[in-house]
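Residue-level listing of the chains:
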Amino acid sequence: MNIVFLSGGSGKRLWPLSNDVRSKQFIKILKAPDGSYESMLQRMYREVMEVAPDADVTITTSANQVSPIRNQIGVKAGISVEPCRRDTFPAIALACMFLKDVRNLAESEPVVVCPVDPFVEKEYFEGLKHLSEIQGNPKEKANITLMGIEPTYPSEKYGYIIPKDKEALSEVTEFKEKPDEETAKKYIEQGALWNAGVFAFKLGYLVNKAHELIDFKDYYDLLEKYESVEKISFDYAVLEKEKNINVTRFNGEWRDLGTWNTLVSAMEENTIGKAIMADTCENVHILNELDVPVLALGLKDVVISASPEGILVTDKHQSSYMKPYVDKIHQEIMFAEKSWGEYKVIDVEDNSLTIRVTLHAGHKMNYHSHELRDEVWTVVEGEGIAVINGRKREVGPGEVIHLPRGCKHSIKATTELKVIEVQMGDNIKAEDKIRYEYKWE
């Protein structure tokens, strides 16, 4: 099975656990089989590989999400990087050209596309496999096969698919845009299904459609021209114009965890992290990523979320209205997952910045220097090898390393390594970094 996950979005609706580089699909709130917490991305990838161990997964995403993807699922999946955001049709077109020209996938191969962040059950992944099997059948005449979700209420958030009949696999007669509640009721009475953005096609179909709608030669040319490509959704560019579409039905659990109210509904317990909740609380959830406890007393229908980005206390039903307030918050990103580990800002002063850096075993920083700041590293856990102006030294807990501006430096983790990094200077900024080549032996 060839599957493309659409990974996009920003961190406005689930602040403070998300930010511009940490969207909802990277937040670890779901219980994994081993009892640890996993993200939506990790669960989607794990479940797909359990249903189809030979699946070839490609994730289409923006450049700033590549590091958290690599951090969470390693290098097992391919990544199609969008130079800028251009909505779902250009993203899918770029991913398909990546499959054709970089991964050398045959145009006769079926490709399944789905969002990376729904909350679903095991049967959903069987449904994805079924889509691939339908489009992989040489006798299949439909150009696109959709997965339609059996609606559980008249939602205004989703588009609707009108099938020709109530068969398990039916022709599609019409698409309806997001309606008001009364219109949604009428659609459901007609047997309409929610459009969840899940569909399959043969690679050659989408390659031809991309060339029809965009002027380019191959993947590399499209990548070069991507910024000038029209922003348009896959629904508008393809689905609403395509006459030869069928739809399968999925009637299992499917939820979009787009707000705090819906996100916490997926939690198996009411607290994650250091939290104390009195018996006088009712329907309260606490998610705490800080190293200090959160205490809740006498609250009802409330979400409390704390991270290095800030602290949120909200009525659950008001949480969907928080975006205008979050838009007014302007600060540096305080937490990020990187391909090599993660960093967390723990103190900000006028002339200093203190960061806790975690390097995974076998990973390293770039060999670099700074022109505008000095740094001090204190190793607090683990072992590694530091390189200072070309000279190596082994480091472990308690080691303090002074790095004056202009000093070339790097560090590689032998075991998982935690370092407190204090940056000092009058003009501390992320852009103050000069990279150099260094060959680790």
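Structure: above.
Residues numbered from 1 in each chain as written. Predicted model: local features only at pLDDT ≥ 70, side-chain atom pairs only at ≥ 80, totals over all residues. Heavy atoms only, no water.

With that settled, the discussion passes to the overall build of the protein. Each helix and strand in the protein was counted, giving 10 helices and 30 strands. Expected size for 441 residues packed as a compact globule is a radius of gyration near 22 Å; at 24 Å, the protein falls within 12% of this value. Principal-axis analysis of the C-alpha atoms places the extent of the protein at approximately 70 × 60 × 40 Å. Each charge sign in the protein was given a centre, from 55 positive and 71 negative side chains, and these centres are 2 Å apart. (Helix = DSSP H or I, 4+ residues; strand = E, 2+ residues; numbered from the N terminus. Rg over C-alpha atoms; globule rule 2.2 N^0.38 Å. Lys, Arg positive; Asp, Glu negative; His and termini not counted. Charge placed at Lys NZ, Arg CZ, Asp CG, Glu CD.)

This part takes up the sheet that holds strand β20 (residues 335-338). One open sheet holds the 6 strands; their spatial order is β20-β21-β22-β29-β24-β27, and the pairing between them is antiparallel. Where the open sheet ends on each side, the last strands, each with one partner, are β20 and β27 (400-403). In this sheet, neighbouring strand axes are inclined to one another by 20 degrees on average, regardless of whether the strands run parallel or antiparallel. Sheet topology note: the β20/strand β21 (residues 341-349) ladder contains 4 bridges and is antiparallel. Looking across to β21, one finds that K338 is bridged to G341. Against the sheet, helix α2 (residues 66-73) makes contact with β20 and β21, and its axis sits at roughly 65 degrees relative to β20, the strand it touches most. (Pairing = 2+ DSSP bridges. Axes fitted to C-alpha atoms, helices over the stretch in contact; angles between N-to-C directions. Contact = heavy atoms within 4.5 Å.)

Per the counting criterion, the structure on display carries 16 aromatic pairs. Here the aromatic rings of Y160 and Y187 are separated by 5.6 Å at their centres, their planes lie at 55 degrees, and the arrangement is tilted. With Y160 in strand β9 (residues 159-163) and Y187 in helix α5 (residues 181-189), this pair connects stretches of sequence that are 27 residues apart. One exposure class covers both Y160 and Y187, and it is buried. Ring centres of F199 and F234 lie 4.4 Å apart, and the angle between their planes is 10 degrees; this geometry places the pair in the stacked category. Here F199, found in strand β11 (residues 193-202), pairs with F234, found in helix α8 (residues 234-239); they are 35 residues apart in sequence, far enough to count as distant. Residue classification places F199 among the buried residues on the basis of a relative accessible area of 3%. Its relative accessible area of 1% is what places F234 among the buried residues. (Phe/Tyr/Trp six-rings, centres within 6.5 Å; stacked < 30°, edge-to-face > 60°. Buried < 20%, exposed > 50% of the residue type's maximum accessible area, 1.4 Å probe, protein only.)

With that settled, the discussion passes to the nonpolar core. One finds I92, I144, L146, F201 and F234 to be the most contacted residues of the largest nonpolar core, which totals 42 residues. Of all the elements, helix α3 (residues 88-101) adds the most residues to this core, at 10 residues. Setting aside anything within four residues of it in sequence, one finds F234 in contact with T88, F89, I92, I144, F199, F201, L206 and L239. Ranked by size, the runner-up nonpolar core spans 39 residues in total, among them A77, Y124, L128 and Y187. (Core = buried A, V, L, I, M, F, W, Y, C linked by side-chain atoms within 4.5 Å.)

On the surface, I276, L295 and L297 cluster together into a nonpolar patch covering about 320 Å² of accessible area. Among the secondary structure elements, L297 is positioned in the loop between β17 (294-296) and β18 (300-307). Given a relative accessible area of 55%, L297 falls into the exposed group. (Patch = residues over 30% accessible without salt bridge, like charges linked within 9 Å, V, L, I, M, F, W, Y side chains within 5 Å. Areas by Shrake-Rupley, 256 points an atom, 1.4 Å probe, with all protein chains shown as cover. Salt bridge = Lys/Arg side-chain N within 4 Å of Asp/Glu carboxyl O.)

A large share of strand β8 (residues 144-149) lies buried, amounting to 6 of its 6 residues. Alternating residues of β8 divide into I144, L146 and G148 and T145, M147 and I149, and every residue in both groups is buried. Sheet topology places β8 next to strand β12 (residues 245-250); 6 bridges connect them, and they run parallel. Looking at β12, one finds that L146 is bridged to V247. Pairing of β8 with β11 involves 4 bridges; the strand directions are antiparallel. Each residue of the ladder has a partner; that of T145, found in β11, is A200.

In this section: the side chain of R86. Tracing the backbone through its elements, the reader meets R86 in the loop between β5 (78-82) and α3. Within the buried set, R86 has no salt-bridge partner at all; the shortest N-O distance to an opposite charge, 5.3 Å, is to E227. Of note is the side chain of R86, whose polar atom sits 2.5 Å from the backbone oxygen of E227. At 2.9 Å, the side chain of R86 forms a polar contact with the backbone oxygen of V229. In contact with R86, other than residues within four places in its own chain, are Y226, E227, V229, E230, K231 and I232. (Polar contact = N/O pair within 3.5 Å; in protein donor to acceptor, adjacent residues only side chain to side chain.)

Its side-chain oxygen placed 3.3 Å from the backbone nitrogen of E182, D180 serves as the N-cap of α5. G191 occupies a position one or two residues after α5 and carries a positive phi of about 90 degrees.

Overall, the coordinates contain 22 salt bridges when judged by the stated rule. The salt bridge partner of R249 is E150, with a shortest N-O separation of 3.1 Å. Of the two residues, R249 is situated in strand β12 and E150 in the loop between β8 and β9; the sequence distance between them amounts to 99 residues. Of the residues examined, E150 reaches a relative accessible area of 29% and is grouped as partly exposed. The salt bridge partner of E399 is R393, with a shortest N-O separation of 2.8 Å. Overlapping salt bridges, with partners in common, bring together E38, R43, R46, E47, E50 and K122 in one network.

In this section: the packing of helix α1 (residues 40-51) against helix α4 (residues 122-136). One can describe the packing of α1 onto α4 by two numbers: an axis separation of 9 Å at closest approach and a directional angle of 60 degrees. With respect to α4, the axis of α1 lies oblique. Crossing geometry of α1 relative to α4 is assigned as right-handed. Contacts between α1 and α4 involve M44, E47, V48, E50 and V51 from the first element and K122, Y124, F125, E126, L128 and K129 from the second. (Parallel < 35°, antiparallel > 145°, perpendicular 65-115°, else oblique. Left-handed = near helix turned anticlockwise from the far one by under 90°.)

Packed helix pairs are characterised by how far apart their axes lie and by the angle those axes make with each other. Across the interface, α3 lies against helix α6 (residues 203-213) with an axial gap of 9 Å and an inter-helix angle of 125 degrees. Here α6 runs oblique to α3, going by the angle between their axes. As for the relative orientation of α3 and α6, their crossing is left-handed in sense. Here F89, I92, A93, C96, M97, L99 and K100 of α3 come into contact with α6, specifically with L203, L206, V207, K209, A210, H211 and L213.

This is a description of form; function is not addressed.
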